[in-house]
Structures are given as structure tokens and as C-alpha cells.
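Structural characterization, general
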Amino acid sequence: MKPTKAALTGLLAILAALAAGHLVAAFVGLSASPYLAVGNAAIDLTPTWLKEFAVTTFGTNDKLVLLTGMAVVLVATGIAAGLASRNTPTPGTVIAVALGLLGIAAVLTRPDVGQLSVLAPLASLAAGVYVFRHLHEESTQDESRRDFLITAGLAVAAGVTGQLLGTRTDVEGSRQAIGDLTPKTKVPDLPVGADFARDGTPAFITSAKDFYRIDTALSVPRIRAEEWTLRIHGMVDRPAVLTFDEIRKRDLIEETVTLTCVSNEVGGPYISTANFIGIRIGDVLREAGVKAGADQLFSTSDDGFTAGSPLDYVLERGLIAIGMNGEPLPAEHGFPARLVVPGLYGYVSATKWVTDLNVTTFAKEQGYWIPRGWAARAPIKTMSRIDRPKGLSKVSGRTVVAGTAWAQPKGVAKVEVRADGGPWQEAELGADVSDSTWRMWRLELDLKPGSHTVECRATDKTGYTQDQARLDPIPDGATGWHSISFTVQ
Ligand SMILES: Nc1nc2c(c(=O)[nH]1)N[C@H]1C(S)=C(S)[C@@H](COP(=O)(O)O)O[C@H]1N2
Ligand SMILES: [Mo]
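Presented here is an overview of the structure given in this document.

Rules and cut-offs
- Residues numbered from 1 in each chain as written.
- Chains lettered and ligands numbered in written order.
- Predicted model: local features only at pLDDT ≥ 70, side-chain atom pairs only at ≥ 80, totals over all residues.
- Heavy atoms only, no water.
- Helix = DSSP H or I, 4+ residues; strand = E, 2+ residues; numbered from the N terminus.
- Buried < 20%, exposed > 50% of the residue type's maximum accessible area, 1.4 Å probe, protein only.
- Contact = heavy atoms within 4.5 Å.
- Areas by Shrake-Rupley, 256 points an atom, 1.4 Å probe, with all protein chains shown as cover.
- Lys, Arg positive; Asp, Glu negative; His and termini not counted.
- Charge placed at Lys NZ, Arg CZ, Asp CG, Glu CD.
- Polar contact = N/O pair within 3.5 Å; in protein donor to acceptor, adjacent residues only side chain to side chain.
- Pairing = 2+ DSSP bridges.
- Axes fitted to C-alpha atoms, helices over the stretch in contact; angles between N-to-C directions.
- Patch = residues over 30% accessible without salt bridge, like charges linked within 9 Å, V, L, I, M, F, W, Y side chains within 5 Å.
- Salt bridge = Lys/Arg side-chain N within 4 Å of Asp/Glu carboxyl O.
- Near = heavy atom within 4 Å.
- Nonpolar A, V, L, I, M, F, W, Y, C, P; charged D, E, K, R; others polar.
- Core = buried A, V, L, I, M, F, W, Y, C linked by side-chain atoms within 4.5 Å.
- Parallel < 35°, antiparallel > 145°, perpendicular 65-115°, else oblique.
- Left-handed = near helix turned anticlockwise from the far one by under 90°.
- Expected span 1.5 Å × (residues − 1).

**Overview of the overall build of the protein**
The number of helices and strands found in the protein is 11 helices and 19 strands. Overall size of the protein, expressed as C-alpha extent along the three principal axes, is 80 × 65 × 40 Å. Burial analysis of the protein (489 residues in total) assigns 52% to the buried set. A sequence separation of at least 24 residues applies to 75% of the contacts in the protein between residues at least 6 apart. As presented, the protein carries roughly 21,700 Å² of accessible surface, and 57% of it is formed by carbon and sulfur atoms. Here the protein contributes 47 positively and 51 negatively charged side chains, and the mean placements of these two sets differ by 2 Å.

**A look at the pairing of strand E3 (residues 253–260)**
The element E3 is extensively covered by neighbouring structure, given that eight of its eight residues are classed as buried. Burial along E3 is two-sided: Ile 253, Glu 255, Val 257 and Leu 259 and Glu 254, Thr 256, Thr 258 and Thr 260, pointing in opposite directions, are all buried.

**Quick look at the environment of Thr 77**
Structurally, Thr 77 can be placed in helix H4 (residues 62–84). Remark: the alpha-carbon pair of Thr 77 and Gly 10, spanning 67 residues in sequence, is separated by 7.9 Å. Setting aside chain neighbours within four positions, we find Thr 77 in contact with Ile 95 and Leu 99. Here Val 73 takes part through its backbone oxygen, which lies 2.6 Å from a polar atom of the side chain of Thr 77.

**Details of the sheet that holds strand E5 (residues 296–301)**
Strand order in the open sheet formed by five strands is E2-E1-E10-E5-E6, with mixed pairing between adjacent strands. Strands at the two margins of the open sheet, each flanked by one partner only, are strand E2 (240–243) and strand E6 (306–310). Here the average twist between neighbouring strands, direction ignored, is 20°. Summarising the sheet, strand E1 (residues 229–234) and E2 pair through four bridges and their orientation is antiparallel. Its bridge partner lying in E2, Leu 230 is registered against Leu 242. Docked against the sheet, helix H10 (residues 281–288) engages E1, E2, E5 and strand E10 (354–360), running at close to 50° with respect to E1.

**Topic: a nonpolar patch on the surface**
A contiguous nonpolar surface patch, about 490 Å² in accessible area, is contributed by Trp 49, Leu 50, Phe 53, Phe 58 and Val 65. Considering every element that reaches the nonpolar patch, the biggest residue donor is helix H3 (residues 48–58), with four residues. Checked against the element boundaries, Phe 58 lands in helix H3. Among the residues examined, Phe 58 registers a relative accessible area of 33% and is labelled partly exposed.

**Concerning the site of ligand 1**
Around ligand 1 there are 18 residues in total, and Tyr 212, Thr 216, His 333, Arg 338 and Lys 352 lie nearest to it. The backbone of Tyr 212 places a nitrogen or oxygen atom 2.6 Å from an oxygen atom of ligand 1. Between ligand 1 and the protein, one listed contact pairs an oxygen atom with a side-chain N or O atom of Lys 352 at 2.6 Å. Out of a free accessible area of 530 Å², ligand 1 has 99% covered by protein chains. For the shell around ligand 1, the residue count by class is eight nonpolar, five polar and five charged.

**Topic: the environment of Asp 295**
Inspection of the secondary structure assignment puts Asp 295 in the loop between H10 and E5. Residue Asp 295 is classed as partly exposed on the basis of its relative accessible area, which comes to 29%. C-alpha of Asp 295 to C-alpha of Gly 162: the two residues are 133 residues apart in sequence and 44 Å apart in space. Residues in contact with Asp 295, not counting those within four places in the same chain, are Ser 309, Pro 310, Leu 311, Thr 360, Thr 361, Phe 362 and Arg 377. There is a polar contact of 2.8 Å between the side chain of Asp 295 and the backbone nitrogen of Phe 362.

**Some details on the nonpolar core**
As a rule of thumb, nonpolar side chains are buried together in soluble globular proteins. Formed by 88 residues in total, the largest nonpolar core has its most connected members in Phe 276, Ile 281, Leu 285, Leu 297, Ile 320, Tyr 347 and Leu 357. Core analysis: the second largest hydrophobic core is formed by 20 residues, Ala 405, Ala 419, Val 454 and Phe 486 among them.

**Focus: the packing of helix H6 (residues 119–139) against helix H7 (residues 144–166)**
Two numbers describe how H6 lies on H7: the axes approach to 9 Å, and their chain directions differ by 160°. Regarding the angle of H6 to H7, the classification is roughly antiparallel. Pair H6 / H7 crosses with left-handed handedness. Here Val 131, His 134, Leu 135, Glu 138 and Ser 139 of H6 come into contact with H7, specifically with Ser 144, Asp 147, Phe 148 and Thr 151. Partitioned by chemical class, the residues of the contact of H6 with H7 number three nonpolar, four polar and two charged.

**Observations regarding helix H1 (residues 3–28)**
For H1, built from 26 residues, the straight-helix expectation of 38 Å at 1.5 Å per residue is met to within 8% by its first-to-last C-alpha distance of 38 Å. Count one or two residues on from H1 and you reach Gly 29, which has phi positive near 115°.

**Some details on H4**
For H4, which comprises 23 residues, the first-to-last C-alpha distance of 32 Å matches the rise-based estimate of 33 Å (1.5 Å per residue) to within 8%. Every buried residue of H4 is listed here: Asp 62, Lys 63, Leu 67, Met 70, Leu 74, Gly 78, Ala 81 and Gly 82. Along its buried surface, H4 packs onto H1, helix H2 (34–45), H3, helix H5 (90–109) and H6.

**What about the pattern of salt bridges?**
Applying the stated rule across the entire model yields 30 salt bridges. Among the ionic pairs, Glu 226 bridges to Arg 224, the shortest N-O distance being 3.1 Å. On the basis of relative accessible area, Glu 226 is assigned to the partly exposed category, the value being 48%. Judged by its relative accessible area of 21%, Arg 224 is partly exposed. Two residues, Arg 418 and Glu 455, come together in a salt bridge whose shortest N-O distance is 2.7 Å. Within this pair, whereas Arg 418 is found in strand E14 (residues 412–419), its partner Glu 455 is found in strand E18 (residues 450–460), the two being separated by 37 residues in sequence. Given a relative accessible area of 16%, Arg 418 falls into the buried group. Under the relative-accessibility criterion, Glu 455 is labelled buried at 15%.

The values reported here are purely geometric and, on their own, carry no functional implication.
Put into C-alpha cells, the structure is as follows:
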């Protein structure tokens, strides 16, 4: 067989296998699609050092990089399998079976798939083996071109149909039907002088489209509010199940909260603020009656992610949020409901697509990131960031230095700036909105032409000044003073 034909045989078999699995997955749950299941399993199995590297190098594009990398590996495997089978179809068949088994293994380890889900990777295995052997046989004849084209066409059609059917759950329709959420207690209008966006900081309230997004989900869980429930159980006297409607009918409160990701390097971008609308987890838990000895609220999402939050934080300030900036939560940020606990990094508190609240102990349950090397308890550290000037930029005229500082739930009391290791100068602070939010700051400096370095440090309302020692994000959040070098013209 000619090498091009051989390579194409393997490639088409892989394409057909993926497409068949994706199509069947549309009926048993898209996360059973072997391609997505292998990707999600890879995310869960990625060693912490590699995950760190991926986040630092690719940021929030890490998922796209993973999926693209998988595609490249699959294409290469297909071509290799085809080329190895120029004389006999056995090598390719073995590879098709092996890939199929990998898909089955990946799907079986997924926490968020039903019992029928194994049908999807089985379909992949069958399609891969069948298409490979069929094309291999045809390749020995001259008419094979037609078969190749038909196979490619069918595979693309099956894949696209699977994608369309698999995402048919009408989440947008469900969101629209809810309409605007009007809380009983609204946050007051943003005080004048809280927002320093004109000085180069982010807007005080982050729009949904600019809100940072961090999660382990390759495909956003699609849950309609009508079908969603939240189970409350564990060390409680009266376990309960809440529906979306029941939450909505309660007195909704609105609170401005800054969410922060533990993965931020010093100066990192994963921090955003929104007006969250919801109910107090504390109210729900008190109704259920928390038993003595419990110290952790263990929350689970529809896609199997888990987070463990200290119960005292949760009882005092935690929210079950169903809205963000006046609207139902966007799908990527947890629709229909998520947790928001001011003062805790997202990975130990902010479970999106939350479906289960288990009142338990730290001794008994470990959240998703804990066995992967991150701390079980992770209160947010007092930190600050320079947003202007940008690193290595050229500044003309007087130099405006501006940025953000945060210390949820303590609140920011002071931010200081120094240039070139000189004396610290106090920055002007934005109006204080809440101890659960960030605070903007700015300072004008009179700097001579040439290159300069500025640093900043925040002090919270307990009098604690942010640590100078440079620590990595892992295990419980980075520390160090952010510094920016630039040139004054
Ligand atoms: N279901 C689920 N919820 C999750 C996560 C996740 O991976 N899956 N990541 C957490 C982390 S690490 C952070 S920082 C916040 C980010 O929330 P956002 O994407 O709405 O900004 O969500 C938290 N909730
Ligand atoms: Mo995070």
C-alpha cells in the first residue's frame, strides 16, 4: 500500500472513532465523549508541577493547549498506525483497540457520568476497529478514494451532530426565563471615588465577560435551573433538598465580593469583583441544624469538583449565589448556583454548578486540590498589585502609579509605594466599599527621566503589612511585593 494511503487509513479511523464516541455521548452525557473524558482525566491526573507550569505558561488558555496537544498526538498516532499496517492490518487494529480501551478507562474514572456512559467509548472502539479494517481492505483496490471521502464525510457529520445534540440542553433558555433578579436588600450604588479605572486600574465591578474564569471543566456543565437541586446533608439534624425556585422565593440579598484565585503569582490577573445575589448558606445550615464537632462544609459540583471550607467562615459570610451583577449566573460562572465565601481563595470555597453540601470535618473529607499539594485551609492573603505603569513601558510627564489591593475579609487600610528602593509613600485610597472587596489606589510620583522600579505593599485593617518574602502560589497563596520597571522619558 502507498504510504499516503496507509497514513490516511489510520487518520480516518481515528476521526471516525472520535466522532462515533462523541455522537453516542450526546445521548448519555457529553462528558462521556472519549476525547473530553481523556482530557478531563488528564487534567485530574496532571502532576502539580506540570499544572503549575501550564498555568504560568498558558494562563487560562491551558485547556485549549491540552485539547490541541491531544489532537496532535492522535493525528500522529493515526498516521503511525496506518504506516505500520502497510502489509497487514494487525498493528493498526491493535492500536485502535488500545486507544478504545484508554477511552473506556477514562470514562469509567469520570465522577460525573451515568451508567450508560461506557457506550460512548465502546462505540469509539467499534468504529475505530471497523473503519480501519474496512478502509485497509478497500485500499488494496483502486476504488478506495470514494470510501475515504464517504468515511470522512460521515465522521464529520457524526461529530457535528453529537456536538449539537450534546449541547442541546437549553441553558440560555433557562437563564432567560429567570429574567432579572431583584434582591430584597440591594447593594448601594458604588460610592463616588471607589473606581480608579481612569487611572489604569480595572473597573471596580468586573463585567461578566471580563470576570476571570478558572475551573477544571473542559465542557461547561449545562444544567437547567428547573432540574437543579441542592442537597444538604452530613452532620445535620434535618437533611434537606433545595430547588432553584425555593431559593429564589426567599429574601435574596446582594453583596459585592472580590473573588481571588490562589494560583496568582505576585501581580497576577485572576481576581475580579461582582455584585453577587443569593442567600446566606448560614441560614440554610442553621435550619438544617449543624451538629457539634463539624468544622468543614464540603461542597460538590455537578462535574465532580469538590471544595472544603472552614465552617466558621461559611456560617458567618458564605453565600449560595444565583445571580451576578443583576442577572442569573453565566453558565461559565456556575449557573444555576455557586458558592461564594468572602475571605477564602476560590479553590476552597467558590464551587460552581454546586449540587451538594456535606457538613463534615477536615479529618474526614479532602477537597479536589488538597491531595494535589494545596493547603486544606486557605484564607486570602493581604496583597496588592501595580496596574499602571505597565512593565517595561515608557512614561512621559509625571508618573501616575495605580493599582489594586485586597485583604478579604479584613479590608484594606493602607497602600504604600516606593520608587527605586527609596522611602515608602502613602498612596491615595479609593472609597472603601466593603471589607470583602478590593480597594483601588494611586499615587503621583515626580521621577527623573531614565529607568525606574516601583514597588507597592498593602496593610490590612488588622494592622498587618503584606509580606516581602517571595513565596510561590502553592501551597496556600503567593506573597511578595509587586514591582514594575519602566522608563520615564
Ligand atoms: N465546579 C468547579 N467550581 C470551581 C472550580 C472548579 O474547577 N470547578 N474552581 C474554583 C477556583 S480554583 C476558583 S479561583 C473559582 C473561580 O471562579 P470563576 O471562574 O467564576 O472566576 O472557582 C472555583 N470553583
Ligand atoms: Mo483558583
